[in-house]
Amino acid sequence: MPTAKLSRAMLFGAFLSLLFIGAALLSFVWTPYSVETLDIANKLQKPSAAHWFGTDHFGRDIFSMIMVGARTSIAVALVAVGIGMLLGVPLGLAAAAKRGGLLDEMIMRGNDLVFAFPPLVIAIMITATFGPSATNAIIAIGVFNIPVFARMTRGAAISLWTRDYVLSARVSGKGAARISLEHILPNVANLLIVQGSIQFSVGIIAEAALSYVGLGAQPPIPSWGRMLAESQTMISFAPHLTVFPGMAILLTVLGLNLVGDGLRDYLDPKLRRSKT
């Protein structure tokens, strides 16, 4: 019975995630209205048949902006997670292979150094140097993802280095790099997939937070976080300006978290054995 509930939750999460991913992809070829066209005469309209989510203070269609904003948020989060995995996973594997050595110590202390700075502080540092943009938001979020994947990979890989099949590979003459690629990495892939989905949702929140303070995607590119920032002074008489971008962030993150939890339970070997 608990397994069935988790399965339904995962399907619901996948539905929410695919809904926003589909909206992002559709926005490349179609939106109800142009997000760059200002229509001051129709500003601050409430939700209606013409404008499903209403219009903002410039007369732009909020539903169209949320569609394009989904594209921005998903792209930033996806690339940032990719950066974290491409750099963090090899570092974690190297640290596990040389556990207790100088390389392991250097990698772990480097991770501690990155964790000492919150993502927003890293973003401010990058922005002060290169200027605010979606690219710099990707770099800031990606840098913070590197130690996350490095630590998780190292922790999972260390326990595998004592397994019999790894000892057999070492006896056969395989080097640490080859063992990590052929034996360690495939056995931590499940954990990486789950962590990737979780960090994807964290990336959505981080992108919205950076855009909220003006460090993310810049106008005229729509962003959910900036939509919230621009509407906060009008929430008393135009609450739809805040409700719909906020719900977009909430439902997307909820969907990704449900998918991550479902994948964790589905890929857990102990859970698989309990099913059989």
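Given the structure is predicted, the values throughout are model-derived calculations rather than measurements.

Calculation rules
Counting starts from 1 at the beginning of each chain's written sequence and moves along it residue by residue. Totals for whole chains, interfaces and linings use every residue, but because this is a predicted model, local features are given only for residues with pLDDT of at least 70 and side-chain atom pairs only at 80 or more, for both listing and counting. Hydrogens and water are ignored here; the side-chain numbers use all heavy atoms of the structure. By nonpolar core we mean a set of buried residues, namely Ala, Val, Leu, Ile, Met, Phe, Trp, Tyr and Cys, connected to one another through side-chain atoms within 4.5 Å. Accessible area is worked out with a 1.4 Å probe on protein chains only. A residue is then buried under 20% of its type maximum, exposed over 50%, and partly exposed in between. A run of H or I in DSSP becomes a helix once it reaches four residues, and a run of E becomes a strand once it reaches two; helices and strands are each numbered from the N terminus. By convention in these notes, a salt bridge is any Lys or Arg side-chain nitrogen within 4 Å of a carboxyl oxygen on Asp or Glu. In predicted models, pLDDT denotes the confidence assigned by the predictor to each residue on a 0 to 100 scale. Here, two residues are considered to be in contact whenever any of their heavy atoms come within 4.5 Å of each other. Each aromatic pair joins two rings of Phe, Tyr and Trp (for Trp, the six-membered one) with centres within 6.5 Å, and gets the label stacked for planes under 30 degrees apart, edge-to-face for over 60, and tilted for any other angle. The criterion for a charge sitting over a ring is simple: Lys NZ or Arg CZ within 6 Å of the ring centre, and within 35 degrees of the ring normal. The patches reported here contain residues having more than 30% relative accessible area and no salt bridge. Joining distances are 9 Å for like charges and 5 Å for nonpolar side chains (Val, Leu, Ile, Met, Phe, Trp, Tyr). In short, Shrake-Rupley with a 1.4 Å probe defines the accessible areas, and a residue's cover is counted only from the protein chains shown. One less than the residue count of a helix, multiplied by 1.5 Å, gives the span that helix is expected to have. To get the bend at any residue, fit one axis to the seven residues that end at it and another to the seven that begin at it, then take the angle between the two axes. As a rule, the C-alpha atoms of each element are fitted with a line to give its axis, helices using only the stretch in contact, and angles between N-to-C directions run from 0 to 180 degrees. The labels follow the angle: roughly parallel below 35 degrees, roughly antiparallel above 145, roughly perpendicular from 65 to 115, and oblique for the rest. What makes a crossing left-handed is the near helix being turned counterclockwise from the far one by less than a right angle; a clockwise turn instead makes it right-handed. Each residue is assigned to one class: nonpolar for Ala, Val, Leu, Ile, Met, Phe, Trp, Tyr, Cys and Pro, charged for Asp, Glu, Lys and Arg, and polar for all the others, Gly among them.

1. Remarks on the nonpolar core
Part 1: Residues Trp-161, Ile-184, Phe-200, Ile-204 and Trp-224 are the most contacted members of the largest nonpolar core, which totals 40 residues.
Part 2: For this core, the secondary-structure elements that each account for two or more residues are α1 (2-26), α2 (62-97), α5 (134-160), α6 (164-171), α7 (176-212), α8 (224-231) and α9 (240-267).
Part 3: Ranked by residue count, the leading element in this core is α2, at 12 residues.
Part 4: Judged by nonpolar contacts, the second largest core, of 12 residues, contains Ala-123, Ala-206, Leu-210 and Leu-215.

2. As for the pattern of salt bridges
Part 1: With the rule as written, the count across this model stands at 10 salt bridges.
Part 2: In this structure, Glu-182 and Lys-174 form a salt bridge, with 2.9 Å as the shortest nitrogen-oxygen distance.
Part 3: On the accessibility criterion, Lys-174 (23% relative accessible area) is partly exposed.
Part 4: Residue Glu-182 pairs with Arg-178 through a salt bridge whose shortest N-O separation is 2.9 Å. On the criterion of helical spacing, the pair formed by Glu-182 and Arg-178 is a turn pair, its members being 4 residues apart in helix α7.

3. Some details on the confidence of the model for the protein chain
Part 1: Residue-level pLDDT values for the protein chain average 89, and 94% of them are 70 or greater.
Part 2: The secondary structure element of the protein chain with the lowest average pLDDT is helix α10 (residues 269-275), at 51, and the one with the highest is α2, at 95.
Part 3: Per-residue pLDDT stays below 50 along residues 1-5; that stretch engages in 2 contacts with residues further than four places along the chain or on separate chains.

4. What to know about unusual backbone geometry
Residues other than glycine predominantly adopt negative phi, and peptide bonds predominantly adopt the trans conformation.
Part 1: Here the amide bond leading from Pro-219 into Pro-220 is cis, since omega sits at 10 degrees, within 30 degrees of zero.
Part 2: Within the secondary structure layout, Pro-220 lies in the loop between α7 and α8.

5. A closer look at the packing of aromatic side chains
Part 1: For the structure shown, the criterion picks out 5 aromatic pairs.
Part 2: Seen in terms of ring centroids, Phe-53 and Phe-244 are 4.1 Å apart; in terms of plane orientation they differ by 5 degrees. Their pairing is stacked. Within this pair, whereas Phe-53 is found in the loop between α1 and α2, its partner Phe-244 is found in helix α9, the two being separated by 191 residues in sequence.
Part 3: The class of Phe-53 is partly exposed, set by a relative accessible area of 21%.
Part 4: Taken together, the aromatic side chains of Trp-52, Phe-53, Phe-63 and Phe-244 make up a single cluster linked through ring pairs.
Part 5: Above the plane of the ring of Phe-28 lies Arg-71, whose end atom (NZ or CZ) is 4.5 Å from the centre.

6. Section: a nonpolar patch on the surface
Part 1: Together, Leu-18, Ile-21, Leu-25, Leu-26, Phe-28, Val-29 and Trp-30 make up a nonpolar patch on the protein surface, roughly 750 Å² of accessible area in all.
Part 2: Within the secondary structure, Trp-30 is located in the loop between α1 and α2.

7. Overview of the environment of Val-35
Part 1: Along the polypeptide, Val-35 turns up in the loop between α1 and α2.
Part 2: Here the alpha-carbon distance between Val-35 and Asn-111, two residues 76 residues apart in the chain, equals 40 Å.
Part 3: Residues in contact with Val-35, not counting those within four places in the same chain, are Arg-60, Ser-64, Met-65, Val-68 and Pro-222.

8. Quick look at α7
Part 1: With 37 residues, α7 extends just 45 Å between its outermost C-alpha atoms, more than 12% less than the 54 Å of an ideal straight helix rising 1.5 Å per residue.
Part 2: Along α7, the helix axis deviates most sharply at Leu-185, where the bend reaches about 50 degrees; the proline Pro-186 sits within four residues downstream.
Part 3: Within two residues after α7, Gly-214 carries a phi angle of roughly 85 degrees, on the positive side.

9. Focus on the packing of α7 against α8
Part 1: At a minimum axis distance of 6 Å, the contact between α7 and α8 shows a crossing angle of 40 degrees. The angle between α7 and α8 places the two elements in the oblique class. The handedness of the crossing between α7 and α8 comes out as right-handed. Listed contacts from α8 to Ile-204, Ala-208, Ser-211 and Tyr-212 of α7 are Trp-224, Gly-225, Arg-226, Leu-228 and Ala-229.
Part 2: Here the residues of the contact of α7 with α8 are counted per class, giving 6 nonpolar, 2 polar and 1 charged.

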